[in-house]
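Secondary and tertiary structure notes
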Amino acid sequence: LDSALYCYFKAKQVYIKLGDKRNEAICENNIANLLFQTGDYENARRSFRQTIKKFRNTEDNLWLSRALMYLGQLELKEGNISVAVGLLAESVQILSGTDYSRYLMEASGSLAQAYFESGDYKNSALMFKQYVNLKDSILNSEKQSEIRKLEVKYQSVQKDLEIAQLNEDNYLQQKRNERILYLVLFITIFLSFIIVIIWMKSRHRKLVLQNTNMQIKQQLLQNQMNPHFLFNVLTSIQNFVKNNDNDNASGYLSDFSRLTRIVLQSSAMESISLETEIELLTKYLKLEQLRLNNSFDFVIEPANFPEADEIKIPPMMVQPF
């Protein structure tokens, strides 16, 4: 308390130098309150009266009501009941029109005590009731404020938990998406690899089949147009020319040309008509017949095949046999 008094006196001197009347009066009021607490009632009374006068001049109702209340409590403690009642009643009256519930509660309690000690039990009861109501209101207000703070804190914690849960869900979803992406990528690469292998095998098989087919065609073509047969045909044509047998030479050459054309055309086809195959065989046999001086006869009868032009067979199939 002594240190507090020293500090307030120093502060008061600063405010006097600054010319700040309001804060000078507040320091004076605090000094009076400390003197009251230390039991120096006379100096405290003198300081309270000075501050009351200053607060009336500045129309500072809050500090005026507090100074009146503190001085009233001092007079009540000193046994000056009537003076205390007047001071406390004025303090209550000033505070009644303000929002300073806590100061009004304290002033009402002190005034209730002053009325009680003066024998005015009715007004004492009224003031005490006001004191209790204000106290309950303040307590309720404080509880409500505390509840609101707890609610805000709870909501803040809940929001933090929700944010943490959302962050965790987002993280897990991101991980799931990454796993799905990796899985899809792996499946895509794997399927692409399988498709490439299948395509390569299919292409290789196709190339093998094409090569085999070409070899078969070459063999068939060689069987149909083998060098021995070609040599014999050319020799026969040469003999006809030497013997000036132009008719046989021309016919032989025409049949040979037609046979060669049919063989070459049919070799590029997957199937030919039975009629074409019969024509090819007829040309071939005529050439052999002419080359051998008609030493044999032949007849081709496609029995049970009235529509030979519609029946398809593989080309160069019969002649090699």
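Keep in mind that this is a model prediction, so the values were computed, not measured. (Residues numbered from 1 in each chain as written. Predicted model: local features only at pLDDT ≥ 70, side-chain atom pairs only at ≥ 80, totals over all residues. Heavy atoms only, no water.)

1. Comments concerning the packing of helix H2 (residues 21-38) against helix H4 (residues 61-78)
Closest axis-to-axis distance for the H2/H4 pair is 11 Å, and the angle between their directions is 20 degrees. One way to sum up the angle between H2 and H4 is to call them roughly parallel. For the crossing formed where H2 meets H4, the hand is left-handed. Residues Arg22, Ile26, Asn29, Asn30, Asn33 and Phe36 of H2 pack against Trp63, Ala67, Tyr70, Gln73, Leu74 and Lys77 of H4. Grouping the amino acids of the contact of H2 with H4 by side-chain chemistry returns six nonpolar, four polar and two charged. (Axes fitted to C-alpha atoms, helices over the stretch in contact; angles between N-to-C directions. Helix = DSSP H or I, 4+ residues; strand = E, 2+ residues; numbered from the N terminus. Parallel < 35°, antiparallel > 145°, perpendicular 65-115°, else oblique. Left-handed = near helix turned anticlockwise from the far one by under 90°. Contact = heavy atoms within 4.5 Å. Nonpolar A, V, L, I, M, F, W, Y, C, P; charged D, E, K, R; others polar.)

2. Details of the packing of aromatic side chains
Counted according to the given criterion, the structure contains seven aromatic pairs. Taking 6.1 Å as the distance between ring centres and 40 degrees as the angle between the ring planes, the aromatic pair formed by Phe48 and Tyr70 counts as tilted. Highlighted residues: Phe48 in helix H3 (residues 41-58) and Tyr70 in helix H4, separated in sequence by 22 residues. Each member of the pair, Phe48 as well as Tyr70, is classed as buried. When the centroid spacing of 6.1 Å and the interplanar angle of 25 degrees are considered together, the rings of Phe55 and Trp63 count as stacked. By relative accessible area, which is 1% here, Phe55 ends up buried. The exposure class assigned to Trp63 is buried, which follows from its relative accessible area of 11%. In this structure, Arg66 packs its charged tip against the face of Trp63, placed 4.3 Å from the ring centre. (Phe/Tyr/Trp six-rings, centres within 6.5 Å; stacked < 30°, edge-to-face > 60°. Buried < 20%, exposed > 50% of the residue type's maximum accessible area, 1.4 Å probe, protein only. Lys NZ or Arg CZ within 6 Å of the ring centre and 35° of its normal.)

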